Structure formats: C-alpha cells, structure tokens
Amino acid sequence: GPYLQFLPDGTVRVPGGDGWQVIGSYPPGQWLTIEIELLQGQSKHYNLKLTTTDGNSVTSNDLPMRTPEFERCNWFGFVGADSEQATFYVDNITVE
C-alpha cells in the first residue's frame, strides 16, 4: 500500500521507480495534514496531499503502491524506524 517516510530534516518521500521520490520538505516540528486517497479497482496507485498549518499544500497523484500485490487496505500504522531517539505526534485520524 502507500508508504511515506518523514526524515529528521523534514523531507517527506515515497518509494518510486528505482529509489525514492521527494514529495516536499517541511520544518521539523510543524504540523502537516496528510490525506491519502486509495484508488478503487485495479489501479494500484494512490493520491497524496500534504497541507501545512498556513494552508499551503502539495498534491501528488497516481503514486504507485509500495508493492504491486496490494489489493486492499485492512490496517495502517505509524512506525518510528530510526535508530536515534525521536518524538512524533499523530492526531485527528479519520478513515472513510
């Protein structure tokens, strides 16, 4: 399914092609609204929108799923996968 990485320097990226595709870069400590739209059917793609607290947004459409075997979203999670100590906050989750 969709897979996003938030790097310590504020870079947001997704897997794409032979590596990573940078979606944007934001000051660490700033809230972002993240919208992920899974496309119905055989698409195997999703749309992503990142919006800052001042209303500026970046939209990336037709991003490929991390694996082509993806069929449906039956869970989602948030993981702090770095080896360095860090803090992140998640708030106001809506699943429709």
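All figures in this text were calculated on a predicted structure; none of them were measured in a lab.

Reading across from one edge, β1-β2-β3 is the order of the 3 strands in this open sheet, with antiparallel pairing throughout. Among the strands making up the open sheet, the edge pair consists of β1 (5-6) and β3 (19-25). Sheet topology note: the strand β2 (residues 11-16)/β3 ladder contains 6 bridges and is antiparallel. Of the residues in β3, the one forming a bridge with Arg13 is Val22.

On the surface, Trp75, Phe76, Phe78, Phe88, Val90, Ile93 and Val95 cluster together into a nonpolar patch covering about 790 Å² of accessible area. Checked against the element boundaries, Val90 lands in the segment after β6 (57-64).

This paragraph deals with the environment of Thr53. Relative to the elements of secondary structure, Thr53 occurs in the loop between β5 (45-52) and β6. On the basis of relative accessible area, Thr53 is assigned to the exposed category, the value being 64%. Separated by 22 residues in sequence, Thr53 and Trp31 have C-alpha atoms that sit 6.3 Å apart. Apart from the residues lying within four places of it in its own chain, the contact partners of Thr53 are Gln30 and Trp31.

Take the sheet that holds β5 next. Reading across from one edge, β4-β5-β6 is the order of the 3 strands in this open sheet, with antiparallel pairing throughout. Unpaired on one side and paired on the other, β4 (32-38) and β6 mark the two borders of the sheet. Averaged over neighbouring strand pairs, the angle between their axes works out to 15° when direction is ignored. Alignment of β5 against β6, held across 6 bridges, turns out to be antiparallel. Bridge pairing links Leu50 to Val58 in β6.

Conventions and cut-offs
Residues numbered from 1 in each chain as written. Predicted model: local features only at pLDDT ≥ 70, side-chain atom pairs only at ≥ 80, totals over all residues. Heavy atoms only, no water. Pairing = 2+ DSSP bridges. Helix = DSSP H or I, 4+ residues; strand = E, 2+ residues; numbered from the N terminus. Patch = residues over 30% accessible without salt bridge, like charges linked within 9 Å, V, L, I, M, F, W, Y side chains within 5 Å. Areas by Shrake-Rupley, 256 points an atom, 1.4 Å probe, with all protein chains shown as cover. Salt bridge = Lys/Arg side-chain N within 4 Å of Asp/Glu carboxyl O. Buried < 20%, exposed > 50% of the residue type's maximum accessible area, 1.4 Å probe, protein only. Contact = heavy atoms within 4.5 Å. Axes fitted to C-alpha atoms, helices over the stretch in contact; angles between N-to-C directions.

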